[in-house]
Amino acid sequence: KAFLSDRINGMATSATLAMAAKARELRNAGKDIIGLSLGEPDFNIPEFIKEEAKTAIDQNYRAYTPVDGYAELKEAIARKFKRDNGLAYGLDQIVVSTGAKQSLANVAMCMINEGDEVVLPAPYWVSYSDIVKLAGGVPVEVPTSIDTDFKMTPEQLEAAITPKTKMLWFSSPCNPSGSVYSQAELEGLAEVLKKHEQIFVVSDEIYEHINFVGGHVSIANVDGMYDRTITVNGVSKAFAMTGWRIGFIGAPAWIAKACTKFQGQVTSGANAIAQRATIAALDAPVSKIQYMIDEFQKRRDLILSLLKEIDGFYLNVPEGAFYVFPDISSFFGKTLKGTTINNASDFALYLLENANVATVTGEAFGNPNCIRISYAASEEQLREAISRIKAVV
Ligand code: PLP
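Residues numbered from 1 in each chain as written. Predicted model: local features only at pLDDT ≥ 70, side-chain atom pairs only at ≥ 80, totals over all residues.

As recorded in an unreviewed UniProt entry, the protein goes by the name Aminotransferase, listed as coming from Sediminicola luteus. A UniProt comment under Sequence similarities (unreviewed entry) is attached to the protein, and it reads "Belongs to the class-I pyridoxal-phosphate-dependent aminotransferase family." According to the UniProt record, the Cofactor (unreviewed entry) comment for the protein reads "pyridoxal 5'-phosphate". (UniProt positions renumbered as here; feature names shortened; annotations may be inferred.)

Set out below in structure tokens:
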């Protein structure tokens with residue numbers, strides 16, 4: 001470790017991946033672990049997308065791809081932005097990457113200077129703060145609570161802004177809270193941002209389609225925001241294509257150009273076969289994936305009804321994504337089966353070791369009172385997991 005860079009030594013291991021690794025370890029040791037820690041749909045990739053990938057292999061797509069993605073894919077992305085988000089992005093404004101995670105890392109490396117502050121409404125997706133720090137930025141967490149559905153208010157945003165603020169990063173629907181910002185709420189944030197011209201926004205919309213209330217709004221579409229927003233999206237969640245690794249951005253052309261320059265030096269263009277398959281995914285009507293969204297909604301309703309029967313779990317109703325984020329701070333200071341619970345990490349570990357259920361501590365998402373439970377699992381697994389949790393708390 002002494003010979004490793006300060007950069008890597010200063011970085012946290014992804015808490016969700018760490019929990020998954022611990023769960024795997026216990027499973028290998030013979031324990032019957034139910035994994036509700038990962039943000040990964042448990043569906044197969046739809047057949048029409050798989051067919052496209054098979055065709056691409058037979059058509060000998062094999063060579064390096066253009067750094068910013070195949071033109072045909074960028075055209076499909078432009079059509080998707082227009083159709084779903086009312087956003088007009090030209091091909092020079094779109095960059096395809098190896099997952100939205102890489103899209104985010106590209107943006108951080110291209111936009112953030114040493115010491116620049118990045119506002120993160122908390123809870124936020126686990127990797128934001130470490131990606132920002134890697135680029136030399138300073139995450140500025142704005143705590144929200146279950147009382148405001150884990151959403152940041154314009155007043156909170158205003159209070160967090162300093163002359164050093166360079167960006168705001170957020171996801172809607174939100175991982176981990178499932179919260180969805182409405183048009184009016186985004187307009188409220190935009191009003192504040194208009195007073196501070198130096199601030200750019202990363203709008204992470206990867207859960208766009210997994211929305212149970214409808215009316216997804218892109219902040220780039222709010223008056224005055226188009227030229228200062230990087231819209232991030234991808235196919236991992238709605239199309240169950242996590243392992244195929246395709247994400248993308250729509251952004252002002254000068255930002256897209258910088259991201260292409262950066263990506264061209266670190267990874268080059270994304271996987272050829274996955275890009276071809278993504279064309280079919282994005283061109284398909286949303287009705288083709290509706291069965292997965294409907295299933296997620298059924299499971300959300302199920303897990304909420306089961307968790308409500310457990311004393312000490314304080315819940316709101318997530319409107320999208322596939323997580324619940326209960327406030328479990330009522331357990332802090334209590335001793336369960338000889339284990340004293342001091343914080344959310346203790347609680348998550350207690351559930352893993354005593355109920356054999358893997359969840360993730362809210363601390364990883366910047367909220368120390370909650371845990372995140374993914375309901376991307378079968379109804380049977382969810383019922384069993386929650387009944388085990390109930391038994392040990
Ligand atoms: N953004 C959010 C909010 C996510 O939850 C995830 C995945 O968990 C990602 C981005 C990364 O997605 P990808 O698989 O496209 O890298």
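K.L.:
Please clarify how the nonpolar core should be interpreted in this entry.
P.N.:
Looking at soluble globular proteins, one finds that nonpolar side chains tend to be buried together. Residues Val107, Met167, Ile249, Val357 and Tyr375 are the most contacted members of the largest nonpolar core, which totals 115 residues. The dominant element in this core, judged by the number of residues it contributes, is helix α5 (residues 100-111), at 7 residues. Both domain 1 (6-44 + 289-392) and domain 2 (62-285) contribute no fewer than three residues apiece to this core. Residues contacting Met167, with those up to four places away along its chain left out, are Met111, Ile112, Val118, Ile199, Phe200, Val201 and Val202. (Core = buried A, V, L, I, M, F, W, Y, C linked by C-beta atoms within 7 Å. Buried ≥ 20, exposed ≤ 12 C-beta atoms within 10 Å, placed from the backbone. Helix = DSSP H or I, 4+ residues; strand = E, 2+ residues; numbered from the N terminus. Domains from an automatic or database assignment. Contact = placed C-beta atoms within 7 Å.)

K.L.:
Honestly, the UniProt feature "domain: Aminotransferase class I/classII large" (unreviewed entry) in the protein in this entry has me stumped. Any pointers?
P.N.:
Using the residue numbers shown here, the UniProt feature "domain: Aminotransferase class I/classII large" (unreviewed entry) corresponds to residues 31-389. Between the C-alpha atoms that bound residues 31-389 there is a distance of 16 Å. The span itself is 37% helix and 15% strand.

K.L.:
Please clarify how the sheet that holds strand β2 (residues 94-97) should be interpreted in this entry.
P.N.:
Two orientations exist for strands paired in a sheet by backbone hydrogen bonds: parallel and antiparallel. With respect to topology, 7 strands assemble into an open sheet ordered β2-β8-β7-β6-β5-β3-β4, the strand pairing being mixed. Sheet topology places β2 and β4 (138-143) at the edges, where each strand pairs with a single neighbour. Sheet twist, expressed as the mean angle between neighbouring strand axes with direction ignored, is 20 degrees. Pairing of strand β7 (residues 229-234) with strand β8 (residues 247-250), which is carried by 4 bridges, proceeds in the antiparallel orientation. (Pairing = 2+ DSSP bridges. Axes fitted to C-alpha atoms, helices over the stretch in contact; angles between N-to-C directions.)

K.L.:
Help me understand the sheet that holds strand β14 (residues 371-374), please; the structure alone is not making it clear to me.
P.N.:
Spatially, the 3 strands line up as an open sheet ordered β9-β14-β13, and their pairing is antiparallel. For this open sheet the edge positions go to β9 (323-324) and β13 (360-361), each flanked by a neighbour on one side alone. Across 2 bridges, β13 lies against β14 in antiparallel orientation. Bridge pairing in β14 links Val360 to Arg372.

K.L.:
What is the right way to read the site of the ligand from this model?
P.N.:
The environment of the ligand is made up of 13 residues, and the closest members are Gly99, Ala100, Lys101, Gly234 and Ser236. Within the shell around the ligand, the residues separate by chemical class into 3 nonpolar, 8 polar and 2 charged. (Near = placed C-beta within 6 Å. Nonpolar A, V, L, I, M, F, W, Y, C, P; charged D, E, K, R; others polar.)

K.L.:
Even after reading the chapter, I still don't get the domain arrangement of the protein, so can you show me in this structure?
P.N.:
Where the parts come together, the accessible area they lose is often given as the size of the interface. Domain annotation for the protein reports domain 1 (6-44 + 289-392) and domain 2 (62-285). Centre-to-centre separation of domain 1 and domain 2, based on C-alpha positions: 25 Å. Of all the elements in the fold, those that place two or more residues in the side of domain 1 that touches domain 2 are α2 (15-28), α11 (290-307) and β9. No other element matches α11, which puts 5 residues into the side of domain 1 that touches domain 2. Taken together, the residues that form the side of domain 1 that touches domain 2 break down as 19 nonpolar, 11 polar and 6 charged.

K.L.:
Explanation requested: unusual backbone geometry in the structure shown.
P.N.:
Excluding glycine, residues mostly carry a negative phi; peptide bonds, for their part, are mostly trans. In this model, Ala122 is joined to Pro123 through a cis peptide bond whose omega is 5 degrees. Structurally, Pro123 can be placed in the loop between β3 (117-122) and α6 (127-134). Positioned with a positive phi, Asp149 is a non-glycine residue whose angle comes to about 60 degrees. Residue position: Asp149 is located in the loop between β4 and α7 (154-160). In the Ramachandran plot, Ala321 falls in the positive-phi region, its phi being about 55 degrees despite a non-glycine side chain. Assignment of secondary structure puts Ala321 in the loop between α11 and β9. Owing to 31 C-beta atoms within 10 Å, Ala321 belongs among the buried residues under this scheme.

K.L.:
Looking at this model, I keep getting lost on the pairing of β4. Mind explaining?
P.N.:
On any regular strand, side chains alternate: one points to one face of the sheet, the next to the other face. In this structure, β3 lies alongside β4, joined through 6 bridges in parallel fashion. Bridge pairing links Ala122 to Pro143 in β4. Traced from β3 through α6 to β4, the parallel crossover comes out right-handed. (Right-handed = clockwise from strand over helix to strand, strands pointing away.)

K.L.:
When you look at the packing of helix α3 (residues 47-58) against helix α10 (residues 272-283) in this model, what are you seeing that I'm missing?
P.N.:
Each pair of packed helices can be summarised by the angle the axes make with each other and by the distance between the axes. Direction vectors running N to C along α3 and α10 enclose 140 degrees, while the axes themselves pass 8 Å from each other. By the angle between their directions, the pair α3 and α10 is classed as oblique. Two packed elements cross with a definite hand, and for α3 against α10 that hand is right-handed. Residue-level inspection shows Phe48, Ile49, Glu52, Ala53, Ala56 and Ile57 of α3 in contact with α10, the latter providing Ala272, Ile273, Arg276, Ala277, Ile279, Ala280 and Ala281. Class assignment of the residues belonging to the contact of α3 with α10 gives a composition of 11 nonpolar, no polar and 2 charged. (Parallel < 35°, antiparallel > 145°, perpendicular 65-115°, else oblique. Left-handed = near helix turned anticlockwise from the far one by under 90°.)

K.L.:
So what exactly am I meant to see when it comes to α6 here?
P.N.:
Each α-helix winds once per 3.6 residues, and so residues spaced three or four apart point in a common direction. All of the buried residues along α6 are Ser127, Tyr128, Ser129, Ile131 and Val132. In this fold, the buried residues of α6 make contact with α5, β3, β4 and β5 (165-171). Positive phi shows up at Gly136, right after α6, with a value of about 95 degrees.

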